[in-house]
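Topology and contacts: notes
Take a look at the letters that make up each chain.
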Amino acid sequence: MDKQALGKTAQGVATPTIPPSSDGAVFLRVMAPLDASVSADSADWTGASLKVLVDRLAASSPRAAALGLSLDVWWGDCERRPGEYDFSRVARAVRCAARGGAADVACIMSFHGCGMNVGDTVRVPLPTWLPPLSNAGFYFVDAWGTADPECLSISADNLQVPVEGTPAPLWKTGLKMYSDFMQAFRDAMIEEGLLGSVIKEVHVGLGPCGELRYPGYILDRWKYPGVGAFQAYDKVFLEKAAAASVKIPPREAFSSAASIESPYSFAPENVAFFCEGWNCPPGQTFLKYYSRQLIDHGDNVLQAAVRVFAGTNVKLCAKLSGIHWLKKTASHAAELTAGYTHGYQPFLAMMQKLGVGLIFTCFEKTTELEAGCQEARSDPDKLLSEIREAADSCGMKTFDAENALECYDQAAFDRIITNANHYKAGVFTFLRLTPKLFDTPPASDSSAASSWRIFWLCFCYFLGLVVVSQMDPIVTIVYILLGTLAVIYWLYSRRSTPRREPSALETFSIFATTITDVCSKNSSRH
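Residues numbered from 1 in each chain as written. Predicted model: local features only at pLDDT ≥ 70, side-chain atom pairs only at ≥ 80, totals over all residues. Heavy atoms only, no water.

**Comments concerning the pairing of strand β3 (residues 105-110)**
Within β3, six of the six residues are buried, which leaves it mostly tucked inside the rest of the structure. The two faces of β3 match: Val105, Cys107 and Met109 on one face and Ala106, Ile108 and Ser110 on the other face are all buried. Pairing between strand β2 (residues 67-74) and β3: six bridges, direction parallel. Its bridge partner being in β3, Leu71 is matched across the sheet by Cys107. As paired strands, β3 and strand β8 (residues 199-204) are joined by five bridges and run parallel to one another. Residue pairing in the sheet places Ile108 in a bridge with His203 of β8. (Buried < 20%, exposed > 50% of the residue type's maximum accessible area, 1.4 Å probe, protein only. Helix = DSSP H or I, 4+ residues; strand = E, 2+ residues; numbered from the N terminus. Pairing = 2+ DSSP bridges.)

**With respect to the environment of Cys519**
Along the polypeptide, Cys519 turns up in helix α16 (residues 504-524). The exposure class of Cys519 is buried, given its relative accessible area of 0%. Along the primary structure Cys519 and Lys424 are separated by 95 residues, whereas in three dimensions their C-alpha atoms are 7.3 Å apart.

**Details of the packing of helix α13 (residues 410-422) against α16**
Viewed as axis vectors pointing N to C, α13 and α16 meet at an angle of 5°, and their least axial separation amounts to 9 Å. As judged from the angle between their axes, α13 and α16 are roughly parallel. Taken together, the residues of α16 that come into contact with α13 (itself represented by Gln410, Phe413, Ile416, Ile417, Ala420 and Asn421) are Thr507, Phe508, Phe511, Thr514, Ile515, Val518 and Asn522. Tallied by class, the residues present in the contact of α13 with α16 amount to eight nonpolar, five polar and no charged. (Axes fitted to C-alpha atoms, helices over the stretch in contact; angles between N-to-C directions. Parallel < 35°, antiparallel > 145°, perpendicular 65-115°, else oblique. Contact = heavy atoms within 4.5 Å. Nonpolar A, V, L, I, M, F, W, Y, C, P; charged D, E, K, R; others polar.)

**Describing the packing of aromatic side chains**
If you walk through the whole model with that rule in mind, you get 44 aromatic pairs. With centroids separated by 5.5 Å and ring planes inclined at 50°, the aromatic side chains of Phe254 and Phe273 adopt a geometry described as tilted. In this pair, Phe254 is assigned in the loop between α6 (235-243) and α7 (272-275) and Phe273 in helix α7, connecting sequence segments 19 residues apart. On the numbers, 5.9 Å between centres and 85° between planes, the contact of Phe428 with Phe511 is edge-to-face. You can see Phe428 sitting in strand β12 (residues 425-430) and its partner Phe511 sitting in helix α16, a full 83 residues away along the chain. The two residues Phe428 and Phe511 agree in class, both being buried. One aromatic cluster is present, formed by Phe140, Trp144, Tyr214, Phe230, Phe237, Phe254, Tyr264, Phe273, Phe274, Phe286, Tyr289 and Tyr290 through successive ring pairs. (Phe/Tyr/Trp six-rings, centres within 6.5 Å; stacked < 30°, edge-to-face > 60°.)

**A closer look at helix α2 (residues 40-60)**
With 21 residues, α2 ought to run about 30 Å at 1.5 Å a step, and its terminal C-alpha atoms sit 31 Å apart, in line with that. In this structure Ser39 caps α2, since a side-chain oxygen of it lies 3.3 Å from the backbone nitrogen of Asp41. (Expected span 1.5 Å × (residues − 1). Polar contact = N/O pair within 3.5 Å; in protein donor to acceptor, adjacent residues only side chain to side chain.)

**Things to note about the sheet that holds strand β11 (residues 399-402)**
Sheet architecture is closed into a barrel: eight strands sit in the order β1-β2-β3-β8-β9-β10-β11-β12, paired in parallel fashion. Ignoring which end each strand starts from, the neighbouring axes of this sheet average 30° apart. In terms of strand pairing, strand β1 (residues 28-31) meets β2 through four bridges, oriented parallel. Bridge pairing in β2 links Arg29 to Gly68.

**Some details on the confidence of the model for the protein**
Summing up the model confidence of the protein, the mean pLDDT is 89 and the portion of residues at 70 or higher is 84%. Note that pLDDT drops below 50 for residues 5-22; the model gives that stretch 38 contacts with residues more than four away or on any other chain. (pLDDT = per-residue confidence, 0-100.)

**Concerning the side chain of Ser110**
Summarising the element assignment, Ser110 is placed in strand β3. Residues within four places of Ser110 in sequence aside, it is in contact with Asp72, Val73, Trp74 and Trp75.

**Here's the deal with the environment of Glu211**
Tracing the chain through its elements places Glu211 in the loop between β8 and α6. Sequence separation of Glu211 and Leu320 is 109 residues, and the distance between their C-alpha atoms is 5.2 Å. Not counting the four nearest positions on each side in its chain, Glu211 is found in contact with Leu206, Tyr217, Lys319, Leu320, Ser321 and Thr361.

Below you can see the structure in the form of C-alpha cells.
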C-alpha cells in the first residue's frame, strides 16, 4: 500500500475505543517517517498507517494494540529564525497519530541534521542561521581538519554562538539554545493540550543521529567496518586539552602507507594508534579525557532537559549507539573513536542519576548473523551483554530497545524477540513505519506463468508422442498412459490456491503481540 492510497483515509480518523492496556502502558512503538513533523502529507500518511496497524493488532491482541509512535522534532525546521519557534507542524503530526490510534507519542528533540546517515530519506539541515563550518569551535573536526555539518560540537556547549545580524550580547551558548528550544516546545505542546496527555515521553538528542557519541563514522568518509576517526581537533577542544595537559594524537598516528582509502575506513591493524598508541599512558590519558568530555556534554544537556520538563509527567530518555563492529579486536577502535573508552557504565550511571531512561539499538543483530563479514569482527552478543551488565550495576532494571536498521522479515523479528527477552528490554521501538510494512508479496505462482507451463508441458508431451510412435507399440502405449496420468495429476494440483508468503503486515502483527508480551513481563518483574 503506497503513501498516496493510504493517506486518503487519514483525515478525521476516530481513535479506537479498545483500551491499550489496563494501566495505559505502552511496550511497542513504531518510528514515524523522518519527515512526518515536516510534511503534511507524511503526517496524514502516518496517521492512516497507524489506523491500519492498530485495527489489525486490536483484532488479535488488545494489549498489542497499545501502539505508540516516536516522532522527530527537527531543530532546523522548528527554529528557522533565531529565537522564533514554530511547532505547528509537530502538533499536526501528533494529532494525526492520535487520530490513527497511537496510544502515546514520544517526541525526539533532534538537535542534529537529517540526510547524512544510513536510512535518511529526507534532508533537514541544522538551522541555516548557525555559523558556517569554517568557524572554529562550533563543529566537530577530525585530524585532517574536516568539519562535520551534522551537529554542533560539544565545545559549543559553553561558547557564545555568533548569529549573523544579531548583536553579540544576544548570542547564546549551545546549551542555552538547546534549553530554550525544549522550553519553547514544552510551552507550545502544553498550549495545544498534547503534553502529558498524548506526548508521554521526550527523547533528548545528544549528538549525531540523536545519540550520545562523537561522529566517529561519518557516512561520506567512512565505509563499514572501518575504525572511524577521533573528533578532537576543533580549536576549542585542542586548547582545553592542552590546559588539562592532555596530548592529542597527531594526524600521523592514523595514517597508513598501505592504503589509499579514507582513514575512516582503515582496519585497526593498519593504524599505528590502534596497534600500540591507544594502550600506552599518553593514549589512555587522551581516551579518558575524550570520553569524559562526551559524558559531561550528555550530563549538561540532560540536566537542562530535566529542569525544562520538571512537573510535566513526561518521561525523559536518551540514546547510546550500538557499535558492534571491531568488538573482537583488542582496542575496540570503533567504540574508541565514538567516545566509549571504558564501556558504557559511566554513561548509564550519569543517566540513572538524572532519572533519564536508556535507549539502545542493535537488537536485530546477533554474533552468529554477523559472522559472514569476517573483517568486521563483530560481536553484538557481547555488546548487548555489556549494556545489560552496566544497566544492572547502575540499578537500571529495564531499558528501551530498537533495531539499528530497517527489517521486515520473520527471522529478524525472531532475533529481536530473543534479545529483548534475554537482555530485559522494557519497551521496543520498531524502525520504521514505511510503505514496505504494507507490501503484499505475490503468490508463488502467477496465472501467466502457469499458462506458459501448461503450454510447454503439452508441447513436450506431444513431441515425445511423435517420437515414441515410431517405436515398439507397447512402449507407445505405456508412454501414453504414464504421460496422460502425469498431465492429469499436474493439472489437478494447479486447482489448489497458489501458495503465498505472509505479508510484512501479517508478520509484524504476530511479532507485535509477542514483543509486547515480552516487554510487559520484563517490566512487571521489577
